[in-house]
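Residues per chain, in single letters:
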Amino acid sequence: MTRKDIYQLVEARNEGCASHLYDYVMLAAIVVGITPLMFKGHHPLFWWFDLVSGICFIVDYILRWLTADMSSNRKGWKAFVVYPFTIMAIIDLLSILPTLNLLSQTFKVVRVSRLLKVLRVFKFIRYFEPLGIILAVVRRQRNILYTVLSLALFYIFITALIMFNAEEDINPETGEYLFSNFFDAFYWAACTLTTVGYGDLYPISNVGRVISIISSMVGIAIIALPSGIITAGYLDEIKSRKEKKGKTEAETLQ
């Protein structure tokens, strides 16, 4: 098998049957790898889960590093040097560390916690196409999403500042001010903006309640903005991929 064949195999969502099978195997390895995190105990079977999934991750990491120059804009030796420092490669490596700890006592110095295994969830992005599309949409619309995020943070800050100075009544349940510090007000504003409504902090005075009503109404509009942007971008991305796939198939037939 040449390096080109390996690249065609490991490249996510490649049209080849072998590539699809590889994706399914890796998806199964991810599920098996995170299954022990759903239990508090340490069943003997979980050791094999970690071992099998970890071996799959190690092989995948090596194969992707071996073909780094084919999937990168950089060519030659630079692609192989830069690859270990890319985001997904770092996630892959951190996902492998618990397995290295399992295979050899010499890796005990790493003292990798169970939390490192949670990073294996992010590997779904590479093999699960809907998540990959969402990531591509976020990357394409990042400037607009940054603007919406900045607007949301600014609104949360302003609302928290207003509420922190407007709500001066004493909470009868605690005998203290509703907001003992500005962070409490910021936390309340974030919950109100997102319409979460935990109920642990709520205004007592009529002025505070009016501010809360206005904040909730404006919050619905702000939160709806990224949803519409991502939905429209998702549909455009699907259409673009279908057109690209159709063009590729037409060129193949010719």
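(A) Representation of the overall build of the chain within the structure. On a plain count of helices and strands, the chain comes out with twelve helices and two strands. Taking all 254 residues of the chain together, 34% fall into the buried category. Contacts spanning at least 24 positions in sequence make up 65% of the contacts within the chain whose residues lie at least 6 apart.

(B) Structural context of the pattern of salt bridges. One pass over the full model with this rule turns up three salt bridges. For the salt bridge of Arg3 with Asp69, the shortest nitrogen-to-oxygen distance reads 2.9 Å. Linking Arg3 in helix H1 (residues 3–10) with Asp69 in helix H4 (residues 68–71), this pair joins segments that are 66 residues apart in sequence. A salt bridge links Glu237 to Arg140; the shortest N-O distance between them is 2.9 Å. Residue Glu237 is found in helix H12 (residues 206–253), and its partner Arg140 is found in helix H9 (residues 129–140); the two are separated by 97 residues along the sequence.

Conventions adopted
- Residues numbered from 1 in each chain as written.
- Predicted model: local features only at pLDDT ≥ 70, side-chain atom pairs only at ≥ 80, totals over all residues.
- Heavy atoms only, no water.
- Helix = DSSP H or I, 4+ residues; strand = E, 2+ residues; numbered from the N terminus.
- Buried < 20%, exposed > 50% of the residue type's maximum accessible area, 1.4 Å probe, protein only.
- Contact = heavy atoms within 4.5 Å.
- Salt bridge = Lys/Arg side-chain N within 4 Å of Asp/Glu carboxyl O.

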